[in-house]
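Residue strings, one per chain:
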Amino acid sequence: MSFCKHCIQGVRHEGEPLGKLETIAGVACYIATPTVDYPKDKVVLFLPDVFGIELNNAKLLADDFAKNGFKVVAIDYLNGGSLAADAMNSPSFDFMGWLANHGADQTRPPLDKVIAALKAEGITKFGATGYCFGGRYVFDLAFENIIQCAVVSHPSLLKVPADLETYFTKSQAPLLINSCEVDQMFPAEAQAKADEIFGDGKFTPGYKREYFPGCTHGFAVRGDMKDPLIKAGKEGSFKAAVEFFLAHL
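**Student:** Help me get a handle on the overall build of the protein, residues and values and all.
**Tutor:** Within the protein one finds eight helices and eight strands. Taking 2.2 N^0.38 as the reference for a compact globule, 249 residues should give roughly 18 Å; the C-alpha atoms of the protein span a radius of gyration of 17 Å, in line with that estimate. With respect to the three principal axes, the spread of C-alpha positions in the protein is 45 × 40 × 35 Å. Here the protein holds 249 residues, and the buried ones make up 55% of them. When contacts within the protein are restricted to residue pairs at least 6 apart in sequence, those whose partners lie at least 24 apart make up 76%. Element-wise, carbon and sulfur atoms account for 52% of the exposed surface of the protein, whose accessible area totals about 10500 Å². Of the side-chain charges in the protein, 24 are positive and 30 negative, and the distance between the mean point of each set is 3 Å.

Written out as structure tokens, the structure is:
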């Protein structure tokens, strides 16, 4: 499957990250910990897009979840092979060549190692929030009921309707989809199919889809905050994710 041009476009966000880099089970992770008391048996797994945990935007989002009372573990499941920030908007970058070296065989094992280590530390409930490339892995973890709550924002690499039907059949994890107006990877037809499969109370664990007009694929993590519609989409999708985790995790 090809990616859309928006998968490697975006605006870097400003701010100083508050979390810290740690190695868990040999895997690099960015850890954002609440400064207030929080449930020690829960973690939100942050699965970034192709720019990985190194992108400032990702770290700031993880920090923002922590400010809302969730311990966050952002995982370098790309094995140090995330795209450099300067690949944004680069017409010459060979994205499909990069993708060939970052398939499930390479990228799923780091997730499993980190999750196993966190379980050994006493974590019993996992939420997961995935952006673009990371949305694929949120679905995979939900298929196996490894996570107890799922949030995806402009997910990519999903097979529609097959993956939606598999989720409905196999997963018990409540699902939030943050969708937008212009998204080749999860277009209007896929959004409508998700509502058809999960909506109107059919998916009993819980389902919600948010829609943000004027936004393009990538808006929830790499949107241009100078654009009022994209700013509203980024902030709205984050608020929706926090509220969904508070309700279901």
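**Student:** Tell me about the environment of G127, residues and numbers included.
**Tutor:** Structurally, G127 can be placed in strand β5 (residues 125-131). With a relative accessible area of 0%, G127 lands in the buried category. Note: C-alpha distance between G127 and F245 (118 residues apart in sequence) is 7.1 Å. Not counting residues within four places of it along the chain, the set of residues in contact with G127 comprises V43, V44, L45, C149, F245 and L249.

**Student:** Explain the pattern of salt bridges to me, and be specific about the residues and the numbers.
**Tutor:** Applying the stated rule across the entire model yields 13 salt bridges. A salt bridge links D37 to K40; the shortest N-O distance between them is 3.1 Å. For D37, a relative accessible area of 70% corresponds to the exposed category. Through salt bridges with shared partners, a single ionic network connects R108, D112 and E144.

**Student:** Account for helix α5 (residues 162-170), naming residues and giving values.
**Tutor:** Those residues of α5 that fall on the buried side of the exposure criterion are D163, L164 and Y167. The buried residues of α5 occupy an angular sector of 105° when the element is viewed end-on, so they sit on one face. Where α5 is buried, its residues meet α4 (133-143), β6 (149-153), β7 (175-182) and α6 (188-198).

**Student:** Could you give an account of the sheet that holds strand β4 (residues 72-75), naming the residues involved and the relevant values?
**Tutor:** What holds strands together in a sheet is hydrogen bonding between their backbones, with the strands either parallel or antiparallel. As summarised here, the arrangement of the eight strands in space is β1-β2-β4-β3-β5-β6-β7-β8, forming an open sheet in which the pairing is mixed. Edge positions in the sheet fall to β1 (20-24) and β8 (207-216), since each of these pairs with one other strand and no more. Direction aside, neighbouring strands of the sheet carry axes that sit 25° apart on average. Of the pairings in the sheet, the one linking β5 to β6 comprises five bridges and is parallel in character. Bridged to T129 within β6 is V151.

**Student:** Give a detailed account of the packing of aromatic side chains, specifying residues and quantitative values.
**Tutor:** Within this structure, the stated rule accounts for 18 aromatic pairs. Ring centres of F139 and F143 lie 6.1 Å apart, and the angle between their planes is 80°; on these two criteria the pair is classed as edge-to-face. With F139 and F143 both in helix α4 and four residues apart, this pair spans about one turn of that helix. Comparing F139 with F143 shows no difference in burial state: the two are buried.

**Student:** Could you give an account of the pairing of strand β3 (residues 42-47), naming the residues involved and the relevant values?
**Tutor:** Side chains on a regular strand alternate between the two faces of the sheet. The element β3 is largely enclosed, with a buried count of five among its six residues. Note that β3 and β5 share six bridges and pair parallel. Bridge pairing links V44 to G127 in β5. Bridge count between β3 and β4: three bridges; the pairing is parallel.

The rules behind each value
- Residues numbered from 1 in each chain as written.
- Predicted model: local features only at pLDDT ≥ 70, side-chain atom pairs only at ≥ 80, totals over all residues.
- Heavy atoms only, no water.
- Helix = DSSP H or I, 4+ residues; strand = E, 2+ residues; numbered from the N terminus.
- Rg over C-alpha atoms; globule rule 2.2 N^0.38 Å.
- Buried < 20%, exposed > 50% of the residue type's maximum accessible area, 1.4 Å probe, protein only.
- Contact = heavy atoms within 4.5 Å.
- Areas by Shrake-Rupley, 256 points an atom, 1.4 Å probe, with all protein chains shown as cover.
- Lys, Arg positive; Asp, Glu negative; His and termini not counted.
- Charge placed at Lys NZ, Arg CZ, Asp CG, Glu CD.
- Salt bridge = Lys/Arg side-chain N within 4 Å of Asp/Glu carboxyl O.
- Arc of directions from axis to C-beta.
- Pairing = 2+ DSSP bridges.
- Axes fitted to C-alpha atoms, helices over the stretch in contact; angles between N-to-C directions.
- Phe/Tyr/Trp six-rings, centres within 6.5 Å; stacked < 30°, edge-to-face > 60°.

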